[in-house]
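Okay, here's what each chain looks like letter by letter:
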Amino acid sequence: MTTLRERTMNALKWSYLGFLTNLLLQPLLMAVLSRLLTPAEFGVAAFASTLSTFGALLTELGVGQALVQRRDLTHEHIRAGFTSSVLLGVTVTALVWLAAPLAGVYAHNPAVVPVFRGFALTYVVAAVAVVSTSLLRRELRFKPLMIGEVCGYVIGHGILGIGAAYLGFGAMSLVVSAAATWTIQLVVSYAFARHPFAFTFRWAPYRDLYSFGARASALRLLEFFSGNIATFMLTRLFDAAAVGLYNRAFVIAGMPVGRLAGGLTRVLVPSFSAIQDDPVKMRRVYSSSLLAMAVVLFSLSAGLFVCAPEIVRVLLGDRFTAAVPLVQAFAVYVPFPILANVAAIVAEATARLNIKLVLQSAQLLFLMLGFWTVYRLGWGVQGFAWVLVGAGVLYSAAYAVVAARILGGGGRDTVRAYGVGFACGAAVGIPLFLIIQALRAAHVGAFALFGLELLLGGVLLALVVIFGPNTELRGYALKFLRPLTARLAAR
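Residues numbered from 1 in each chain as written. Predicted model: local features only at pLDDT ≥ 70, side-chain atom pairs only at ≥ 80, totals over all residues. Heavy atoms only, no water.

For the chain, the helix and strand inventory stands at 18 helices and 0 strands. Buried residues in the chain amount to 54% of all 491 residues. The long-range fraction of contacts in the chain, counting pairs at least 24 apart against all pairs at least 6 apart in sequence, stands at 85%. By element, 69% of the accessible surface of the chain is carried by carbon and sulfur atoms, the whole surface being about 21300 Å². (Helix = DSSP H or I, 4+ residues; strand = E, 2+ residues; numbered from the N terminus. Buried < 20%, exposed > 50% of the residue type's maximum accessible area, 1.4 Å probe, protein only. Contact = heavy atoms within 4.5 Å. Areas by Shrake-Rupley, 256 points an atom, 1.4 Å probe, with all protein chains shown as cover.)

Turning our attention to the pattern of salt bridges. Applying the stated criterion to the full structure yields 4 salt bridges. Notably, a salt bridge pairs Glu76 with Arg79, separated by 3.6 Å at the nearest N-O pair. Here the residue Glu76 and the residue Arg79 both occupy positions in helix H4 (residues 75-107), the gap between them amounting to 3 residues, near one helical turn. Residue classification places Glu76 among the partly exposed residues on the basis of a relative accessible area of 22%. A salt bridge links Arg440 to Glu310, with the shortest nitrogen-to-oxygen separation between them at 2.7 Å. Taken together, the residues span a long stretch of sequence, with Arg440 in helix H16 (residues 412-441) and Glu310 in helix H11 (residues 279-315) at a distance of 130 residues. Given a relative accessible area of 23%, Arg440 falls into the partly exposed group. It is possible to trace a salt-bridge network through shared partners that takes in Glu76, Arg79 and Arg202. (Salt bridge = Lys/Arg side-chain N within 4 Å of Asp/Glu carboxyl O.)

So, on to empty space enclosed by the protein. Following the criterion strictly, the structure yields 4 cavities of 30 Å³ or more and no others. In this structure, the second largest cavity spans a volume of roughly 50 Å³. Counting only elements with at least two residues in the lining of the second largest cavity, the list comes to H11, helix H15 (380-407) and H16. Grouping the amino acids of the lining of the second largest cavity by side-chain chemistry returns 4 nonpolar, 3 polar and 3 charged. (1 Å grid on protein atoms, 1.4 Å probe; cavity = no way out; pocket = protein on both sides within 12 Å on 5 of 7 lines; lining within 4 Å. Points joined across faces, edges and corners; volume = space filled by probe spheres on them. Nonpolar A, V, L, I, M, F, W, Y, C, P; charged D, E, K, R; others polar.)

Let's shift gears to unusual backbone geometry. Here His108, not a glycine, exhibits a phi torsion of approximately 55°, which is positive. You can see His108 is positioned in the loop between H4 and helix H5 (112-120). Despite not being glycine, His443 has its phi angle at roughly 60°, a positive value.

With respect to the element layout, Ser299 can be found in helix H11. A relative accessible area of 3% places Ser299 in the buried class. Among residues more than four places away in sequence, those in contact with Ser299 are Cys424, Gly425, Val428, Leu461 and Val464.

Here we come to a nonpolar patch on the surface. Together, Leu28, Val32, Leu36, Tyr166, Leu167 and Phe169 give the surface a local cluster of nonpolar side chains, amounting to about 650 Å² of exposed area. Exposure remark for Val32: the relative accessible area of 34% places this residue in the partly exposed category. (Patch = residues over 30% accessible without salt bridge, like charges linked within 9 Å, V, L, I, M, F, W, Y side chains within 5 Å.)

This part takes up the packing of aromatic side chains. Note on aromatic pairs: each is described by the distance of the centres and the angle between the planes. Going through the model one piece at a time under the given rule, you end up with 21 aromatic pairs. Summarising the aromatic geometry, the rings of Phe47 and Tyr106 are spaced 5.8 Å apart at their centres and angled 20° between planes, so their arrangement reads as stacked. Of this pair, Phe47 sits in helix H2 (residues 39-60) while Tyr106 sits in helix H4; the two residues are 59 residues apart in sequence, bridging distant segments of the chain. Ring centres 5.6 Å apart and planes at 40° place the aromatic pair Trp372 and Tyr375 in the tilted group. In this pair, Trp372 and Tyr375 both sit in helix H14 (residues 353-376), 3 residues apart, roughly one turn of the helix. On the basis of relative accessible area, Trp372 is assigned to the partly exposed category, the value being 42%. Through a chain of ring-to-ring contacts, the aromatic side chains of Phe47, Tyr106, Phe224, Phe225 and Phe232 assemble into a single cluster. Sitting over the ring of Tyr106, Arg236 keeps its end group 5.4 Å from the ring centre. (Phe/Tyr/Trp six-rings, centres within 6.5 Å; stacked < 30°, edge-to-face > 60°. Lys NZ or Arg CZ within 6 Å of the ring centre and 35° of its normal.)

Next up, the structure:
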């Protein structure tokens, strides 16, 4: 029988494999889609999809997290989770459909209404998928989850989404891709984690799920508003093109690290939940996970900052060149909230949600005040981006304190991880900057330079992982390279 560590590392392996696959696919699909849609169309879709994400959170109401976190899970709990998700999905879809015109009034743009309604139609499919995906996460069976995610991305975004954009559907093409992606993920997840499509109305299992799920849902809503308050305020204060530039820049910055963090969260929550009564083991997992993530995140962040002009030119096209400074700001931002999320996972897995609620509320208030201040000062969308950087740093520092209180150790693990990560980022960023600057001075074309940046950045990242600190990633890299070096030596 496999140990928890073995199951966790196997889950991380599949999570990283899915991350790498999407890392290869997403830039290609983004480059095509950005040449078919305008910044204004992306702005409309960004606001509509943000509103639809809010509705999707309401349909789940924390049931997914409760199914993963609960120690003793019965068939009644599973049926209650299914009943709750489906009924809420239908209800929220109807409410959103009726309220969609209000979104158009808020955005001063009636084009938002049909797109918002289109995204709302995906709620029911997503709601049906909640139980099967949560059961797979609980059991650390990430292979089917990654299969569904990759297939959904290739078919939903790559074929149907781009096809709809080519046919002139505009912002609605993103609705088509979202609907297809959710449908494929539902089919794949249910094939590997079957459960009865049966309702129950006994109160006891609902009480068990909602005792954790209600607080988890409130936390997710706060996280949603903290993560999307910029979109809400930009939509009200600027035109759709500005919102589209901000959205595309954020997507580029979050393209590699966002999926990496999502995979980490899906793996570590069930792992930490399983050892929530063993603080020594939990601290060991926390320390190793944080260090590995810091090495990769700060290295990717440095590369993204240096290569931002070519990344925007190649992936988005000349219409989006104003997004370059935004991408650089987001490159600085992304490591901090993701590393803070490792500590947040510890708090969630040990059911310490009150502190998370307090910190999320404080972050939301900081962002609202900061965004309004830079708007009044006339700093534009770049000011919004740098406010987000400041919030990310403070958020990360606060969660370092939380982790130290839960796990002990005075925060030494966190300080070491951040310090090592920053050093690895410098080891990647400085030589990359010197070489790229020389190539820019030699007037190397953007597409050729982008290819060289990918190659050089990949080599530098590999060197940092292999010759850097001793982490789980280093172990996997050496294990992968050992057969190759043996064959070369034999020749």
